[in-house]
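A look at the structure
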Amino acid sequence: MGVNGALLAVDAGNSKTDVAVLARDGRVLGEARGGGFQPPVVGVETAVDRLAEIVGRAWEAAGGGGLPPRFAYVVACLANADLAVEEERLKAALEARAWSRSVQVRNDTFALLRAGIDEPRGVAVVCGAGINCVGMTPDGRTARFPAIGKISGDWGGGGGLAEEALWWAARAEDGRGEPTALARTLPGHFGLPTMYALIEALHLGRIPAVRRHELAPVLFRTAAEGDPVARALVDRQAEEVVAMASVALGRLGLLDEAAPVVLGGSVLAARHPLLDGKIAELLAVKAPKAQVRVVTAPPVLGAGLLALDAWGEPGPEAAARLREHYEAA
């Protein structure tokens, strides 16, 4: 069949973008990876321009030759598509590329959800740089949150945990807060002797701001060593994950049913024992029938499954073939 009638699957996160060109039977014809998708930082048109370059490479890898990319269906699961108005703007920008007459735009958390379920039923919580949760049912209903930071009630994720850890460590060192080993382990990660030295290095840019995400694993290690402050932050993250999941389950009428709760993103996929244990403990109270699944496969798998769902054929064989490609990698 070549690329005639192929499907396009996009998973564009804040830090990286994965694109796959798929045959309708679930075979991966071409793939490409690029940088993060950040319309709030660079603008919608520039973000889509950068996405188009990645799509072009995947199309070429699929055998598109010198022809412009054309697809039977496009499913794009995009970071920063958090509000309905953002989805509409991004959909219009993708439609303007004339890649397909059929374009579906969703928040990238839907890719994680679909990667973790065999039918469109359940909820997913992603905890990577930030935190988000979505849910869906076979009849088309969805549950979601704005998920744009503290102004929408969010707490945690790798970036949020790093900020909290720095706050507690700074106050411990200068005497405003209770003692915590974080005052030693956070600067120690960068080879620095004190929190003052770390604060100075971050403020003056000697340590790039992007490296703050390295502090979340330090927090988890410090918690595992028994530090009460670090442990409290881990517990709080578990509470936030369970709060989002249980509310989404309730909105969809799945709270009292055996329903999947898919977990993913760098923080949850790392399988920190303290975090996993606390999530299980809290879910047993708030959603005792929830079936927890942790996804480590690339979320572009979920975007591809959504594309196959939308096309509606040829059925479970295609989904199994696509899963085998990404889950065996």
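Quick summary incoming for the structure in this document. All figures in this text were calculated on a predicted structure; none of them were measured in a lab. (Residues numbered from 1 in each chain as written. Predicted model: local features only at pLDDT ≥ 70, side-chain atom pairs only at ≥ 80, totals over all residues. Heavy atoms only, no water.)

Description of the overall build of the protein
Basically, it comes down to this: Labels follow the DSSP assignment, with helices taken as runs of H or I lasting at least four residues and strands as runs of E lasting at least two, numbered in each case from the N terminus. Just to be clear, the radius of gyration here is over C-alpha atoms, and the globule rule we use is 2.2 Å times residues to the power 0.38. Buried residues are those whose accessible area, probed at 1.4 Å on protein chains only, stays under 20% of the maximum for their type, while exposed residues exceed 50% and partly exposed ones sit between those limits. By definition, residues are in contact when any of their heavy atoms lie within 4.5 Å. Methods summary: accessible areas were calculated by the Shrake-Rupley approach with a probe of 1.4 Å, and residue burial reflects only the protein chains presented. Working convention for charge: Lys and Arg count positive, Asp and Glu count negative, and His plus the chain ends are omitted. Throughout, a charge is located at the NZ atom of Lys, the CZ atom of Arg, the CG atom of Asp or the CD atom of Glu.
Along its length, the protein carries 13 helices and ten strands. Taking 2.2 N^0.38 as the reference for a compact globule, 329 residues should give roughly 20 Å; the C-alpha atoms of the protein span a radius of gyration of 21 Å, in line with that estimate. In terms of its C-alpha atoms, the protein occupies a principal-axis envelope of roughly 65 × 50 × 35 Å. For the protein, with 329 residues in total, the buried portion stands at 50%. At a minimum sequence separation of 6, the contacts of the protein that also span at least 24 residues come to 66%. Taken as a whole, the protein presents about 14,600 Å² of accessible surface, with 53% of it coming from carbon and sulfur. Charge-centre separation for the protein: the mean point of 34 positive side chains lies 1 Å from the mean point of 39 negative side chains.

Comments concerning the nonpolar core
Applicable threshold: Within this scheme, the nonpolar core is defined by two criteria: the residues are buried Ala, Val, Leu, Ile, Met, Phe, Trp, Tyr or Cys, and they are joined through side-chain atoms within 4.5 Å.
Of all hydrophobic cores here, the largest spans 51 residues; its most connected members are Leu182, Leu186 and Ile279. Ranked by residue count, the leading element in this core is helix H9 (residues 228-251), at eleven residues. Formed by 31 residues, the second largest nonpolar core is a distinct cluster that contains Ala9, Leu22, Cys77 and Leu113.

Some details on the pairing of strand S5 (residues 103-107)
So the rule is basically this: Here, strands pair whenever DSSP counts at least two bridges between them.
Among the five residues of S5, four are classified as buried, and the element is accordingly described as predominantly covered. Inspection of the sheet shows strand S4 (residues 73-78) paired to S5 by five bridges, in the parallel sense. Following the sheet pairing, Ala76 is matched in S5 by Val105.

Examining helix H11 (residues 273-286)
To be explicit about the condition: To estimate how far a helix should reach, multiply one less than its number of residues by 1.5 Å. Starting at the helix axis, one direction is taken to each C-beta atom, and the arc is that of these directions.
The end-to-end C-alpha distance of H11, which contains 14 residues, comes to 20 Å, matching closely the 20 Å that a straight helix rising 1.5 Å per residue would cover. Buried within H11 are the following residues: Leu275, Lys278, Ile279 and Leu283. Taken down its axis, H11 places every buried residue within 130 degrees of arc, on the same side. Within H11, the exposed residues directed more than 90 degrees away from the buried face are Pro273 and Val285. The elements touched by buried residues of H11 are helix H8 (215-224), H9, strand S9 (260-264), helix H10 (266-269) and strand S10 (291-294).

Points about the side chain of Thr17
Relative to the assigned elements, Thr17 resides in strand S2 (residues 16-22). Other than its neighbours up to four places away in sequence, Thr17 contacts Val10, Asp11, Ala12, Ala32, Arg33, Gly34, Gly35, Gly36, Phe37, Leu51 and Ile54.

Some thoughts on the pattern of salt bridges
The test is simple: Counted as salt bridges are all cases of a side-chain nitrogen of Lys or Arg within 4 Å of a carboxyl oxygen of Asp or Glu.
For the structure shown, the criterion picks out 21 salt bridges. A salt bridge links Glu214 to Arg211; the nearest nitrogen and oxygen atoms lie 2.7 Å apart. Judged by relative accessible area, which is 32%, Arg211 ranks as partly exposed. Several salt bridges share partner residues, and in doing so they unite Lys16, Asp18 and Arg33 into one network.

Remarks on the sheet that holds S10
Hydrogen bonding along the main chain pairs the strands of a sheet, whether they run parallel or antiparallel. In plain terms, the rule: Interaxial angle, 0 to 180 degrees, is taken between N-to-C directions of lines fitted to C-alpha atoms, where a helix line uses only the stretch in contact.
Ordered by their spatial adjacency, five strands build an open sheet running S8-S7-S6-S9-S10, and the pairing between neighbours is mixed. The open sheet has two free edges, formed respectively by strand S8 (142-144) and S10, since each of these has just one partner strand. Between one strand and the next, the sheet's axes are offset by a mean angle of 15 degrees, whatever the strand orientation. For S9 and S10, the ladder comprises four bridges, and the chain directions are parallel. Bridge pairing links Val261 to Val292 in S10.

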